[in-house]
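Secondary and tertiary structure notes
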Amino acid sequence: IKFVPETDGFYTFQSISNSDTIGYIYDENFDQIAYNDDYSDNNFYISYFLTAGKTYYLGARYYSYSSGNFDVSLTKAETTKLNLDETTNLNGYSL
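Conventions adopted
- Residues numbered from 1 in each chain as written.
- Predicted model: local features only at pLDDT ≥ 70, side-chain atom pairs only at ≥ 80, totals over all residues.
- Heavy atoms only, no water.
- Pairing = 2+ DSSP bridges.
- Helix = DSSP H or I, 4+ residues; strand = E, 2+ residues; numbered from the N terminus.
- Axes fitted to C-alpha atoms, helices over the stretch in contact; angles between N-to-C directions.
- Phe/Tyr/Trp six-rings, centres within 6.5 Å; stacked < 30°, edge-to-face > 60°.
- Core = buried A, V, L, I, M, F, W, Y, C linked by side-chain atoms within 4.5 Å.
- Buried < 20%, exposed > 50% of the residue type's maximum accessible area, 1.4 Å probe, protein only.
- Contact = heavy atoms within 4.5 Å.
- Polar contact = N/O pair within 3.5 Å; in protein donor to acceptor, adjacent residues only side chain to side chain.

Spatially, 5-2-7 is the arrangement adopted by the three strands of the open sheet, whose pairing is antiparallel. Each edge of the sheet is formed by a strand with only one pairing partner; in this case those strands are strand 5 (45–50) and strand 7 (71–76). With strand direction ignored, the average angle separating the axes of adjacent strands in the sheet is 20°. Here six bridges tie strand 2 (residues 9–16) to strand 7, and the two strands are oriented antiparallel to one another. Across the sheet, Thr12 pairs through a bridge with Thr75, a residue of strand 7.

Following this line, the structure appears as structure tokens:
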């Protein structure tokens, strides 16, 4: 599955299946950059920082010779920008 993010950020791909699935993320050159198997209940879960405008591919398959369909959810982590300077104190730690 081809995916081109519109914004930079951490994206999570997770399978939803009753069978054992494996997931892969490939870059635009089809080099594998991430992989996961059996995160939870035999489903894969991949969270990876993706760059806006670059092409990525999700590969997914059953672990064994199972056949049929399964769903994959895609979510983008919400981020908050912090403005820190040398006077910022984080739980007793200064920058």
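Past the structure itself, the notes keep going.
What follows concerns the packing of aromatic side chains. Here a ring pair, both rings aromatic, is described through the centre-centre distance and the interplanar angle of the planes. Enumeration according to the criterion identifies seven aromatic pairs in this entry. On the basis of an interplanar angle of 20° and a centroid distance of 4.5 Å, the ring pair of Phe30 and Tyr57 is categorised as stacked. Residue Phe30 is located in the loop between strand 3 (21–26) and strand 4 (32–37), and its partner Tyr57 is located in strand 6 (residues 56–62); the two are separated by 27 residues in the primary sequence. What links up through ring pairs into an aromatic cluster is the set Phe3, Tyr11 and Phe13.

Turning to the nonpolar core, a few remarks are in order. Grouped together as the largest cluster of nonpolar side chains are 10 residues: Phe3, Tyr11, Phe13, Ile25, Ala34, Phe44, Ile46, Leu50, Tyr56 and Leu58. Put simply, the parts of the chain that give this core at least two residues each are strand 2, strand 5 and strand 6. When sequence neighbours within four positions are dropped, the list of residues in contact with Ile25 reads Phe13, Asp31, Gln32, Ile33, Ala34, Ile46, Tyr48, Tyr56, Tyr57 and Leu58.

With that settled, the discussion passes to the sheet that holds strand 3. Pairing is antiparallel across the open sheet formed by four strands, whose spatial order is 1-6-3-4. Only two strands of the sheet have a single partner each, and these edge strands are strand 1 (2–3) and strand 4. Pairing of strand 1 with strand 6 involves two bridges; the strand directions are antiparallel. Bridge pairing in strand 6 links Phe3 to Tyr56.

Quick look at the pairing of strand 2 now. Taken together, the six bridges between strand 2 and strand 5 define a ladder with antiparallel strand orientation. Directly across from Gln14, in strand 5, lies its bridge partner Tyr45.

Here Ser17 shows up in the loop between strand 2 and strand 3. Judged by its relative accessible area of 14%, Ser17 falls in the buried class. Of note is the side chain of Ser17, whose polar atom sits 2.9 Å from the backbone nitrogen of Ser19. If sequence neighbours within four positions are ignored, Ser17 has contacts with Asp41, Asn43, Tyr62 and Phe70.

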